[in-house]
Structure formats: C-alpha cells, structure tokens
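# What the coordinates show
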Amino acid sequence: GGEVLRDMLYDGNAAYEKGAIVCRVAPSFIRFGSFEIHASRGDVDTLRTLADYTIKEHYPEITAKGKPAYIELFKRAVSDTMDMILHWQRVGFVHGVMNTDNMSIHGITIDYGPYGWLEGYDPNWTPNTTDRENRRYRFGNQAQIAQWNLYKLANALYPLVDESEPFQELLEWFGTRYTEKYVDMMRSKLGLVIPQETDNALIQDLEQVLQSTETDMTIFFRNLGNIKKGKAQDTKSCMEVVNDAFYVPEELKDTVLTEWQSWFSSYVERLNLEEVTDQERKEAMNAVNPKYVLRNYISQLIIEEADNGNYDVLDEVYTVLKNPYMEQPESEKWFAKRPDWARSKAGCSMLSCSS
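As the structure is a computational prediction, the values presented were derived from the model and not from experiment. (Residues numbered from 1 in each chain as written. Predicted model: local features only at pLDDT ≥ 70, side-chain atom pairs only at ≥ 80, totals over all residues. Heavy atoms only, no water.)

## Notes on the overall build of the protein
What counts, and what does not: Secondary structure follows DSSP: runs of H or I at least 4 residues long count as helices, runs of E at least 2 residues long count as strands, and numbering of each begins at the N terminus. Atoms counted for the radius of gyration: C-alpha only. Globule rule: 2.2 Å times the number of residues to the power 0.38. Residue burial is assigned from relative accessible area. The probe radius is 1.4 Å, only protein chains are included, and a residue is buried under 20% of its type maximum, exposed over 50%, and partly exposed in between. Contact definition: two residues touch when any of their heavy atoms are within 4.5 Å. Areas reported here follow the Shrake-Rupley algorithm with a probe of radius 1.4 Å; residue values treat only the protein chains shown as occluding. Counting rule for charge: Lys and Arg are taken as positive, Asp and Glu as negative, and neither His nor the chain ends is counted. The location of each charge is read from NZ of Lys, CZ of Arg, CG of Asp or CD of Glu.
Secondary structure summary: the protein contains 12 helices and four strands in total. In terms of C-alpha radius of gyration, the protein reaches 23 Å, essentially the compact-globule figure of 20 Å for 355 residues. In the protein, buried positions account for 47% of the 355 residues. Sequence-distant contacts in the protein: of pairs separated by 6 or more residues, those separated by 24 or more amount to 71%. Counting only carbon and sulfur atoms, one obtains 50% of the accessible surface of the protein, whose full area is about 18,000 Å². A gap of 1 Å separates the mean positions of the 38 positive and 55 negative side-chain charges of the protein.

## Comments concerning the nonpolar core
Across soluble globular proteins, nonpolar side chains show a tendency to be buried alongside one another. Spelled out, the test is: Definition used in this section: a nonpolar core is a set of buried Ala, Val, Leu, Ile, Met, Phe, Trp, Tyr and Cys residues joined via side-chain atoms within 4.5 Å.
If you look at the biggest cluster of nonpolar residues, it comprises 91 residues, and the most contacted ones within it are Phe35, Phe220, Leu224, Trp260, Phe264 and Tyr267. Here this core takes 12 residues from helix α3 (residues 67-91), the largest share from any one element. Setting aside chain neighbours within four positions, we find Phe35 in contact with Ile30, Leu47, Leu50, Ala51, Thr54, Leu73, Ile105, Leu153, Ala156 and Leu157.

## Digging into empty space enclosed by the protein
Put simply, the rule reads: A cavity here means a set of points on a 1 Å grid, drawn over the protein atoms and nothing else, where a 1.4 Å probe fits but cannot get out; a pocket is an open set with protein on both sides within 12 Å along at least five of seven lines, and a residue lines either one if it has an atom within 4 Å of a point. Grid points are joined across faces, edges and corners, and a volume is the space filled by probe spheres set on the points. Gly counts as polar in this scheme, as do all residues outside two lists: the nonpolar Ala, Val, Leu, Ile, Met, Phe, Trp, Tyr, Cys and Pro, and the charged Asp, Glu, Lys and Arg.
In the structure shown here, the tally under the stated rule is one cavity of 30 Å³ or more. Of the volumes computed, that of the largest cavity is approximately 50 Å³. Mapped onto the lining of the largest cavity, the elements with two or more residues apiece are α3 and α7 (217-224). Broken down by element, the residue count for the lining of the largest cavity peaks at three residues, all from α7. Of the residues assigned to the lining of the largest cavity, the class counts are four nonpolar, three polar and two charged.

Rendered as structure tokens:
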C-alpha cells in the first residue's frame, strides 16, 4: 500500500504511484550473464563449478563429463533459446531488453521489462523507450540478438572446452535451423500442412503486404482461419474476413488493395492444395494463433483501475488470458484493435524500465 516515487519516462516528471511486489518464478535464474561474469574475471574454477551445477541440477540427462558435457549444455541452450524466440515471433511478443543477463539458460522468458505484443504488424517496433533510437531489440531482430547472445555465452564457456569449432558449428546451426523452423511456424499460422516450394515466397509476400497498411497482427491471423477454399480469384470475400484487422480500411486502395488481392489469390490457390477440410484447418490455426494477448493498453487500463481501488478489470483479463486460444464470446471486447487514445498515451505505446 505504500507509494513509490517513479519517473516513468525518465523525463524528470517523477510522480508517486502505488507500490506492488512482483514474485517471479522459474526453474532457476541462471542466465547467460551468470557464466560471463566468471569468464570475464578469469575465474575458471567458479565457472566450471557453475556449469557442473547447472548440468547436475537441471540437465541430469547429460551424462557425459568434462568438455563433451559443456558442449552439450551449450547445445541445449542454443536449441531451447531458438524455440523460445520462435514462440515469441509466433504470437507477436517483443521482449524489449534482450541483454545477456536477461537471457535464461533454460530458454524461457524472464526479466522482460518494457515488453509488449505487436498491435500493427511492424518488424521495427520496440516497446522500449531506451531502444527507440537504434531499435536493437525490435521484433524483427529478436532472432539475430538471440544468436549474438549465444555467441557471448559460447565465449564464456570457451575456457572449459578450449576449442572454438564445436561452438561455431552450433552457432551456425542456429542460423540455418531457425530459418527452417520459422518457415514451419509460419506455415502453421497460415494453416498449411503439406510443404510446397512456393511457401517461402508466399510468407515473404505476406510479411511485406502486412506492412503496406497498419494491420493488427493478432486479429489478422486469428480471422484468417475463417477463409474458405474455393476460387483463387474470389479475393473480395477474403478481404471481408480480415477487414477488422485494418486500422485504416480506407487506406486499402489502389496499389495496396492490388497487393492484398494478389496475395489472397495466391493463398487461396495454395489452400486448394491442402487435404484437410476448412474446419480442420481453422481448428489447427486457432491452436497457434491466439485470440487474446496482453496488449499494452489493456495493461494500462488494469493499472489505472487498480490505482482507484478497482481490481475487477484485473480479475477479468487474468481469467481471459488463462485460455488465450479459446473463443470466449463473453470476452469479445478484448479482441479488438488498440483504440486511438492509446497510440501515444504513456504505458500504452512505449515503456521504460520504470513503467
């Protein structure tokens, strides 16, 4: 109940806010940085002790000893981190502060400060005010930053192995395998089961046209599951299915409209190559495309209501987010584009580590 003086945007406008305690739970809080600090000090004994402890307590399936065990530990970190990033990209989550001390050895999401989910699909978006200039941690760069952080972890573990080749091979494998798994992930979002040579181009074209006008990522992919197989030229009905995802529908004209019509024509033609029914495809797509995500403006609404002593909105949203892939018709109001008032409102657009 005590108040805390905080400068949300680091602009000299500090104000008192109600204090709160956040309890974070994880298998452990061993991070990439946990290894870096000992390597940077040349403390190989403590570095080895930490690596041995991590393997014993968290990866008992690693039965090798010495160098092979440390390489296997790094391999697990590479694989688990890759899968985590793929899930971030799948749901449009942006971590915001991907330094090595915020990267878990377990490949789980911890220490997210100025985080957020994409509203309009924008690979260059970052929720972090202190990342506004360089956008190092932007949505479209998260895989590259993860690979860089793994490179730093490899450097930290190097004194235990004294060979660079195993680490280099795994880092290169990350880049190659991530690209392959990203395409597979996007196929699942698009409801595509049987791989085709044209899938890469279809995905790249979609990512491009999504940026031609402001398009809500969550709503677009969720509603895309309602597209039916049929004639490839029937693009008008396709546009109607996803129309709610466009922030400014009137911008869909001339070149932009032509781009969308061309993409939907290719998409429906591609769907016709699939063997599953429309209903089966929709169910599969709904299982990977969430309907409800914790948008920043929703978080801000919760905070403002709680600040006034009303926790009903918190309870309501918490209940909805327990099952983000379910329809929940009674909660349809949370399946909506960001309102105009939230575009520049503090806490709704970009955040700082003190937000």
